[in-house]
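What follows is each chain in one-letter form.
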Amino acid sequence: MSEQQKKGRLGEVIRFVVTGGVCFLIEQAVLSLLKEIFGLDVNIGTPIAFLVSVVANYLLCVKWVFPGADGSGGKTKAGFVLTSGIGFFLNWGIMALLTALFGQDSILLTLFGIQLKVYHLNKAIATLLVMIWNYFTKRLILKQKSRRQRLCLW
């Protein structure tokens, strides 16, 4: 891998992490809203919050993280949806497991009147694990078209 390719990959990873952070905050905010304001159980709120963040993630990935991927065809979009669907079930399953093991309502920390509860920590762990899955699968799916184009140029 050339020095330019390494820099490009590093920039891509940084953009992916920033995007993941933004989507994580969106997901946490939606989950907190559903749990604390609307009284939904975490196991019901998690998939709803995840779906909201996936839409934001898709838009950011095709416009910013993997530039040029927004012109991809139906096969690429279907691959994105498929990997997001698997990520959805991974996220939901990990959250259900962690909730069963550690609960959801215990307060871990109160800072400036804001309570950090166990479900927030569970969500952070689940998101981190699914983020690893997302990077590799989405990169593979969204960069596939540009890889084919480079091969055609040779």
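Please read these numbers as outputs of a predicted model, since none were measured by experiment.

Novice: Is there a simple way to think about the confidence of the model for the protein chain in this case?
Specialist: As a general rule, the predicted coordinates of low-pLDDT regions are not to be interpreted in detail. Within the protein chain, residue pLDDT values average 83, and 88% of them lie at 70 or more. Per-element confidence in the protein chain ranges from a low mean pLDDT of 74 for helix H4 (residues 118-153) to a high of 89 for helix H1 (residues 3-37). Taken as a whole, residues 148-154 scores under 50 in pLDDT and shows 0 contacts with residues more than four places along the chain or in a different chain.

Novice: What is the right way to read the side chain of Ser-53 from this model?
Specialist: Locating Ser-53 in the fold gives a position in helix H2 (residues 42-65). Note on Ser-53: relative accessible area 5%, which makes it buried. In terms of polar contacts, Ser-53 uses its side chain to reach the side chain of Glu-27, at 3.2 Å. Among all residues touching Ser-53, those that are not within four sequence positions of it are Cys-23, Ile-26 and Glu-27.

Novice: Explanation requested: helix H3 (residues 74-102) in the structure shown.
Specialist: Three- or four-residue spacings in an α-helix give side chains the same orientation, since the helix completes a turn every 3.6 residues. Spanning 29 residues, H3 covers 41 Å between terminal C-alpha atoms, matching the ideal 42 Å at 1.5 Å per step. Note on H3: the residue one or two positions beyond its end, Gly-103, has a positive phi of about 85 degrees.

Novice: Explanation requested: the environment of Ile-132 in the structure shown.
Specialist: Along the chain, Ile-132 turns up in helix H4. For the pair formed by Ile-132 and Gly-87, sequence separation is 45 residues and the distance between their alpha carbons is 9.9 Å.

Novice: Is there a simple way to think about the packing of aromatic side chains in this case?
Specialist: Given two aromatic rings, their pairing is described by the distance between the two centres and the angle made by the two planes. With the rule as written, the count across this model stands at 4 aromatic pairs. Judged by centre distance (5.0 Å) and plane angle (85 degrees), the ring pair of Phe-88 and Phe-89 falls under edge-to-face. Every member of this aromatic cluster is reached through a ring pair, and the members are Phe-50, Phe-88, Phe-89 and Trp-92.

Novice: Teacher, can you tell me more about a nonpolar patch on the surface here?
Specialist: Together, Leu-108, Leu-109, Leu-111, Phe-112, Leu-116, Leu-121, Ile-125 and Leu-129 make up a nonpolar patch on the protein surface, roughly 780 Å² of accessible area in all. Listed by contribution, the elements that provide at least two residues to the nonpolar patch are strand S1 (107-111) and H4.

Novice: Quick question: what am I supposed to make of H1 here?
Specialist: Across its 35 residues, H1 extends 50 Å between first and last C-alpha, which sits within 8% of the 51 Å expected from 1.5 Å per residue. Gly-39 lies just past H1 and shows a positive phi near 70 degrees.

Novice: Looking at this model, I keep getting lost on empty space enclosed by the protein. Mind explaining?
Specialist: A water-sized probe rolled over the atoms picks out the places where empty space is left. A full pass over the atoms with the stated rule returns 1 cavity of 30 Å³ or more. Taken as a whole, the largest cavity holds about 200 Å³ of empty space. Here the residues of the lining of the largest cavity are counted per class, giving 8 nonpolar, 7 polar and 2 charged.

Novice: Can you walk me through the layout of surface pockets in this structure?
Specialist: Considering only enclosed or pocket space, the second largest pocket measures out at about 170 Å³ in volume. Forming the boundary of the second largest pocket are Gln-28, Leu-109, Leu-111, Phe-112, Ile-114, Gln-115, Leu-116 and His-120. Sort the elements by how many residues they give to the lining of the second largest pocket and strand S2 (residues 114-117) lands first, with 3 residues. Per-class residue counts for the lining of the second largest pocket are 5 nonpolar, 3 polar and no charged.

Novice: Before we go on, may I ask you to explain the side chain of Thr-137 in this structure?
Specialist: Among the secondary structure elements, Thr-137 is positioned in helix H4. Given the relative accessible area of 13%, Thr-137 is considered buried. Within polar-contact distance, the side chain of Thr-137 engages the backbone oxygen of Trp-133 at 2.9 Å.

Rules used throughout
Residues numbered from 1 in each chain as written. Predicted model: local features only at pLDDT ≥ 70, side-chain atom pairs only at ≥ 80, totals over all residues. Heavy atoms only, no water. pLDDT = per-residue confidence, 0-100. Helix = DSSP H or I, 4+ residues; strand = E, 2+ residues; numbered from the N terminus. Contact = heavy atoms within 4.5 Å. Buried < 20%, exposed > 50% of the residue type's maximum accessible area, 1.4 Å probe, protein only. Polar contact = N/O pair within 3.5 Å; in protein donor to acceptor, adjacent residues only side chain to side chain. Expected span 1.5 Å × (residues − 1). Phe/Tyr/Trp six-rings, centres within 6.5 Å; stacked < 30°, edge-to-face > 60°. Patch = residues over 30% accessible without salt bridge, like charges linked within 9 Å, V, L, I, M, F, W, Y side chains within 5 Å. Areas by Shrake-Rupley, 256 points an atom, 1.4 Å probe, with all protein chains shown as cover. Salt bridge = Lys/Arg side-chain N within 4 Å of Asp/Glu carboxyl O. 1 Å grid on protein atoms, 1.4 Å probe; cavity = no way out; pocket = protein on both sides within 12 Å on 5 of 7 lines; lining within 4 Å. Points joined across faces, edges and corners; volume = space filled by probe spheres on them. Nonpolar A, V, L, I, M, F, W, Y, C, P; charged D, E, K, R; others polar.

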